[in-house]
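So the chains spell out like this:
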Amino acid sequence: KIYRDLASKDERFLPDLARTLLNMGSAYLDKGIPDEAIKFYEESLKIYRDLASKDKKFGIQTEISHDRLIIELAFKNKRFDIIATPLDISFFLASKDKRFLPDLAAILNNLGNAYWSKGIPDKAIKLYEESLKICRDLASKDERFLPDLAITLYNMGNAYLDKGIPDEAIKFYEESLKICRDLASKDERF
């Protein structure tokens, strides 16, 4: 309430209001009230979008708001149509700064999971393929990205299995398994 009042008089308080709304969304989500969480995430996202359009430094906060909203909407099967929005921002950020490529790959993978859970494996596969391309490139330069590559391969296998193409699914599962075995031989956490 205080930040709403302050922001209505002085735009310098908009980032504080957006951050508080994001925190409120998280609090409602923790309480198991996703519909309320979504309202706060959407309002936070709107403010961050406006801020990011004027100042690029708000791009990261915008992406965080998008990610939280995406996860909640996708897995609750509500308003599935808006999920592409964070993807657009992630593509933009990754085109400007390669440090955002892992985030882009994760969002593509999560969005693929959402489509797969809705029974749309063709769309999921297209998203997994994009994520897979990024993950392969990242893992070829840095082994820290091998777990992300293994997960994406596993997800591709699931999507192909759902499509009724088990031979293709097996290829992805086998590649994922090889990576996981290699990782497990070096670190028991895997």
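Residues numbered from 1 in each chain as written. Predicted model: local features only at pLDDT ≥ 70, side-chain atom pairs only at ≥ 80, totals over all residues. Heavy atoms only, no water.

Caption draft 1: Structural detail: the overall build of the protein. A count of helical and extended segments in the protein gives 9 helices and 0 strands. Start at the N end of the protein and walk to the C end: the helices and strands fall as α-α-α-α-α-α-α-α-α. Taking all 190 residues of the protein together, the buried fraction comes to 42%. Long-range contacts, defined here as pairs at least 24 residues apart, represent 47% of the contacts in the protein between residues at least 6 apart. Of the roughly 11300 Å² that the protein leaves accessible, carbon and sulfur atoms contribute 55%. (Helix = DSSP H or I, 4+ residues; strand = E, 2+ residues; numbered from the N terminus. Buried < 20%, exposed > 50% of the residue type's maximum accessible area, 1.4 Å probe, protein only. Contact = heavy atoms within 4.5 Å. Areas by Shrake-Rupley, 256 points an atom, 1.4 Å probe, with all protein chains shown as cover.)

Caption draft 2: A look at the packing of aromatic side chains. The final tally for this structure, using the stated rule, is 2 aromatic pairs. Relative to Y173, the ring of Y154 has its centre 5.7 Å away and its plane inclined at 45°; by these criteria the two rings are tilted. Taken as a pair, Y154 in helix α8 (residues 146-162) and Y173 in helix α9 (residues 166-186) lie far apart in primary sequence, 19 residues in all. Residue classification places Y154 among the partly exposed residues on the basis of a relative accessible area of 45%. Classification of Y173 as partly exposed rests on a relative accessible area of 23%. (Phe/Tyr/Trp six-rings, centres within 6.5 Å; stacked < 30°, edge-to-face > 60°.)

Caption draft 3: Representation of helix α7 (residues 121-141). Compared with an ideal rise of 1.5 Å per residue, which puts 21 residues at 30 Å, α7 spans 30 Å between its outermost C-alpha atoms and is within 8% of the ideal. Turning to α7, its buried residues are P121, A124, I125, L127, Y128, S131, L132, I134, C135, L138 and A139. (Expected span 1.5 Å × (residues − 1).)

Caption draft 4: Quick look at the packing of α8 against α9. The N-to-C vectors of α8 and α9 enclose an angle of 160°; their axes lie 8 Å apart at closest approach. The orientation of α8 relative to α9 falls into the category roughly antiparallel. Crossing hand, α8 versus α9: left-handed. Along the contact surface, α8 presents L146, P147, L149, A150, L153, Y154, M156, G157, N158, Y160 and L161, while α9 presents P166, E168, A169, F172, Y173, E175, S176, I179, C180 and L183. Here the residues of the contact of α8 with α9 are counted per class, giving 16 nonpolar, 3 polar and 2 charged. (Axes fitted to C-alpha atoms, helices over the stretch in contact; angles between N-to-C directions. Parallel < 35°, antiparallel > 145°, perpendicular 65-115°, else oblique. Left-handed = near helix turned anticlockwise from the far one by under 90°. Nonpolar A, V, L, I, M, F, W, Y, C, P; charged D, E, K, R; others polar.)

Caption draft 5: Focus on the pattern of salt bridges. A full pass over the atoms with the stated rule returns 10 salt bridges. Its salt-bridge partner being D137, residue K141 comes within 3.2 Å of it at the nearest N-O pair. Remark: D137 and K141 occur in helix α7; sequence separation between them is 4 residues, near one turn of the helix. (Salt bridge = Lys/Arg side-chain N within 4 Å of Asp/Glu carboxyl O.)

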